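The residues making up each chain are set out below.
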Amino acid sequence: MRVAMIGSGYVGLVSGACFADFGHVVACIDKDPAKIAALERGEIPIYEPGLSELVAKNMREGRLTFATDLTEAVRGADAVFIAVGTPSRRGDGHADLSYVYQAAREIAAVMDGYTVVVTKSTVPVGTGDEVERILRETRPGANFAVVSNPEFLREGAAISDFKRPDRIVIGTDDPRAREVMAEIYRPLYLNQAPLLFTGRRTAEVIKYAGNAFLATKITFINEIADLCEQVGADVQEVARGIGLDNRIGAKFLHAGPGFGGSCFPKDTLALIKTAQDAGTPVRIVETVAAVNDQRKRAMARKVIAACGGTVRGKTVAVLGLTFKPNTDDMREAPSLSIITALQDVGASVKAYDPEGMTQAKTLLDGVTYCTDAYACVEGADALVIVTEWDAFRALDLDRVKRLLKTPVVVDLRNIYRPEDMTKRGFTYVGVGRGRAP
Ligand code: NAD
């Protein structure tokens, strides 16, 4: 099959490279000429494990090409995927669909023969109808179908998620489009990937409902963690105790500094707005968003308390800046709110992240960036672990203690054990690990 991927960011590039690896012929398009030039030189603009090798292999074998202009790719394509950004609209939190609609207009102008236009971007319910209207208005009489195929990959594990998905959701009522989509995903069929065909609007709702549910699970355990701190219980054991119940499941039950990233914050907000507009507010999700918002700055208060009530004039070392490990994505990372809140009350901040510092530098002012974890903690009054990169899981703790001015560790990901840390002479604070009175 011939595939055109419009937008070559985290989702477009991973999806395009994986489709090419299945044997399809894929053209990845992006408006950003610097991004396309880098990709053509074999440089990957984002950090995603395994992606560089996958892109190189499929370019070499002639199945993956890049371009800024979509004309040629769309003309020959069986399916054109829209994988452009849908950020929160400034001011009201609705999804900003301007990139999607712009892509639709550009596709409409050049599409040729029967074309399946697929929204892979996360878009509010009804967007497929609007894309269809734009295509029809721009090219009356053209032969096409608009399909919703939301993407569920996670940054940091994107390739294996894409190649071994829990499910593939395809929203369309058009039998011919269904056949094209089944053919595109056929290589996964052999691995028994469950293909779920639904109506287009249903597919659009599935994506938001899924993300909102996961965000709710995280927020739920975070509130239980706060309770544990007050009553002398351990949230890690509580999470295990409830997670072993198959009806609940163990995933997304890690207490921490609150969810961030390019999806959960904007997608919960967009769902809230859609539901309000429909006259059926999703009050649980509204609460989740509000609780999570407050949590990030509350984490800064945790650091201040661990430092004896003030950080004015003190230096705080922050390990981990990205919203999770194995990505360089800084969008809505908890580190942004935590660091800003600490700076607001007079702390100096040093930071180190294995992959996120280039992006962080564009978002955070006044931070001293370090070359490794040990340079970061040297001379600091406290260490705060914000992202659980593997490199921080087995630090030389004796060295960390020698380098810190005062041995205070605030571990917002619970990667160390309170008893071990206390035995080593640290003042250690985790999340939700209260001491029995
Ligand atoms: P991104 O910002 O990394 O990439 C979007 C790309 O689209 C950019 O490179 C931009 O230059 C390009 N673009 C915009 N308009 C264009 C146009 N008209 N023609 C060609 N290129 C254009 O975004 P992303 O993280 O890949 O997310 C894309 C969509 O997928 C969003 O709707 C997001 O919610 C959804 N999604 C993201 C993830 C994730 O983990 N990042 C997971 C699932 C779904």
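For clarity, every value in this text was computed on a predicted model and none was experimentally measured.

Undergrad: Before we go on, may I ask you to explain the overall build of the protein in this structure?
TA: Check the secondary structure of the protein and you find 18 helices and 14 strands. Against the compact-globule benchmark of 22 Å for 437 residues, the protein has a radius of gyration of 23 Å, which places it among compact chains. C-alpha atoms of the protein, sized along the principal axes, occupy 75 × 50 × 45 Å. Counting over 437 residues, the protein shows a buried share of 53%. Accessible surface, the protein as shown: approximately 19500 Å² in total, 50% of it carbon and sulfur. Separation of charge centres in the protein, based on 54 positive and 55 negative side chains, amounts to 3 Å.

Undergrad: Mind showing me how you'd approach the environment of Val116 here?
TA: Checked against the element boundaries, Val116 lands in strand β5 (residues 115-119). Val116 gets classed as buried once you look at its relative accessible area, which sits at 0%. Along the primary structure Val116 and Leu319 are separated by 203 residues, whereas in three dimensions their C-alpha atoms are 45 Å apart. Residues in contact with Val116, not counting those within four places in the same chain, are Asp78, Ala79, Val80, Ala145, Val147, Ala177, Val180 and Met181.

Undergrad: Would you mind going over the domain arrangement of the protein with me for this structure?
TA: Think of interface size as the accessible area that goes away when the parts come together; that is how it is often given. One can read the domain layout of the protein as domain 1 (2-198) and domain 2 (211-429). Each partner contributes to the interface: domain 1 provides 19 residues, whereas domain 2 provides 19 residues. Buried area between domain 1 and domain 2, both sides added, is near 1400 Å², and the carbon and sulfur share of it is 50%. Summed over the three residues of domain 1 that lose the most area to domain 2, namely Tyr47, His94 and Glu155, the buried surface amounts to 41% of that side. For the pair domain 1 and domain 2, the interface holds 1 salt bridge. One salt bridge in this structure joins Arg331 and Glu155, with 3.8 Å as the shortest N-O distance. The interface formed by domain 1 and domain 2 contains 8 residue pairs in polar contact (both at pLDDT 80 or more).

Undergrad: What's the story with the site of the ligand in this structure? I'm lost.
TA: By nearness alone, 24 residues border the ligand, and Asp30, Lys35, Thr86, Glu155 and Lys266 come closest of all. Here an oxygen atom of the ligand and a backbone polar atom of Val11 are 2.8 Å apart. With respect to the ligand, the side chain of Ser262 contributes an N or O atom lying 3.4 Å from a nitrogen atom. Among the elements of the structure, α1 (10-22) and α5 (98-110) are those that each provide at least two residues to the shell around the ligand.

Undergrad: Please clarify how the pairing of strand β6 (residues 144-148) should be interpreted in this entry.
TA: Two faces, one strand: in a regular strand the side chains alternate between the faces of the sheet. Of all the 5 residues making up β6, 5 are buried; the element is thus mostly covered by neighbouring parts of the structure. Of the two faces of β6, the one holding Phe144, Val146 and Ser148 and the one holding Ala145 and Val147 are both buried throughout. With 5 bridges joining them, β5 and β6 adopt parallel strand pairing. Each bridged residue has a counterpart across the sheet, and for Thr119 the counterpart in β6 is Ser148. Between β5 and its parallel partner β6, the chain crosses via helix α6 (residues 127-138), and the hand of that crossover is right-handed.

Undergrad: Would you mind showing me how to read the layout of surface pockets here?
TA: Rolled over the atoms, a probe sized like a water molecule indicates the empty space that remains. Of the voids in this model, the second largest pocket is the one considered here, and its volume is about 380 Å³. Lining the second largest pocket are 17 residues; nearest its centre among them are Pro418, Tyr428, Arg433, Gly434 and Arg435. Taken together, the elements giving at least two residues each to the lining of the second largest pocket come down to α18 (418-423) and β14 (427-429). For the lining of the second largest pocket, the per-class residue count stands at 6 nonpolar, 5 polar and 6 charged.

Undergrad: I tried to follow the packing of α6 against helix α10 (residues 200-231) on my own but got confused; where do I start?
TA: Two quantities define a packed helix pair, namely the angle between the helix axes and the distance between the axes. Two elements in contact, α6 and α10, have axes separated by 8 Å at closest approach and are oriented at 130 degrees. In terms of orientation, α6 and α10 fall into the oblique class. Packed against α6, whose contacting residues are Thr127, Gly128, Asp129 and Glu132, the element α10 presents Arg200, Arg201 and Glu204 at the interface. Looking at the contact of α6 with α10, its residues break down into no nonpolar, 2 polar and 5 charged.

Undergrad: Any chance you could explain the nonpolar core here in plain terms?
TA: For soluble globular proteins, nonpolar side chains are generally found buried alongside one another. Leu342 and Leu383 are the most contacted members of the largest nonpolar core, which has 62 residues in total. Contact partners of Leu342, with chain neighbours within four places excluded, come to Ala300, Val303, Ile304, Val311, Val316, Ala347 and Val349. In terms of nonpolar packing, the next biggest core, distinct from the first, is built from 44 residues, Tyr10, Phe22, Ile46 and Leu64 among them.

Undergrad: Is there a simple way to explain the pattern of salt bridges in this structure?
TA: Opposite charge on two side chains lets them pair, provided their charged atoms get close. Taken as a whole and assessed by the stated rule, the structure comprises 27 salt bridges. Arg63 serves as the salt-bridge partner of Glu61, at 2.7 Å between the closest nitrogen and oxygen. Residue Glu61 is classed as partly exposed on the basis of its relative accessible area of 43%. Between Glu137 and Arg133 there is a salt bridge whose closest N-O contact spans 2.7 Å. With Glu137 and Arg133 both in helix α6, this residue pair falls 4 residues apart, about one helical turn. The class of Glu137 is exposed, set by a relative accessible area of 57%. Salt bridges here are not isolated pairs; linked through shared partners, they connect Asp129, Glu132, Arg200 and Arg201.

Undergrad: Which parts of the structure should I look at to understand the side chain of Lys266?
TA: Mapped onto the fold, Lys266 is located in helix α12 (residues 264-277). Look at Lys266 and you get buried, because its relative accessible area is 17%. When sequence neighbours within four positions are dropped, the list of residues in contact with Lys266 reads Thr86, Pro87, Ser88 and Thr122.

Undergrad: It is not clear to me how the environment of Val349 should be interpreted in this structure. Could you clarify?
TA: Mapping Val349 onto the fold places it in strand β10 (residues 348-352). With 325 residues separating them in the primary sequence, Val349 and His24 have C-alpha atoms 48 Å apart. When neighbours within four sequence positions are excluded, Val349 is seen to be in contact with Val316, Val318, Ile339, Leu342, Gln343, Gly366, Val367 and Thr368.

What counts, and where the lines are drawn
Residues numbered from 1 in each chain as written. Predicted model: local features only at pLDDT ≥ 70, side-chain atom pairs only at ≥ 80, totals over all residues. Heavy atoms only, no water. Helix = DSSP H or I, 4+ residues; strand = E, 2+ residues; numbered from the N terminus. Rg over C-alpha atoms; globule rule 2.2 N^0.38 Å. Buried < 20%, exposed > 50% of the residue type's maximum accessible area, 1.4 Å probe, protein only. Areas by Shrake-Rupley, 256 points an atom, 1.4 Å probe, with all protein chains shown as cover. Lys, Arg positive; Asp, Glu negative; His and termini not counted. Charge placed at Lys NZ, Arg CZ, Asp CG, Glu CD. Contact = heavy atoms within 4.5 Å. Domains from an automatic or database assignment. Buried area = accessible area lost by both parts, 1.4 Å probe. Salt bridge = Lys/Arg side-chain N within 4 Å of Asp/Glu carboxyl O. Polar contact = N/O pair within 3.5 Å; in protein donor to acceptor, adjacent residues only side chain to side chain. Near = heavy atom within 4 Å. Pairing = 2+ DSSP bridges. Right-handed = clockwise from strand over helix to strand, strands pointing away. 1 Å grid on protein atoms, 1.4 Å probe; cavity = no way out; pocket = protein on both sides within 12 Å on 5 of 7 lines; lining within 4 Å. Points joined across faces, edges and corners; volume = space filled by probe spheres on them. Nonpolar A, V, L, I, M, F, W, Y, C, P; charged D, E, K, R; others polar. Axes fitted to C-alpha atoms, helices over the stretch in contact; angles between N-to-C directions. Parallel < 35°, antiparallel > 145°, perpendicular 65-115°, else oblique. Core = buried A, V, L, I, M, F, W, Y, C linked by side-chain atoms within 4.5 Å.

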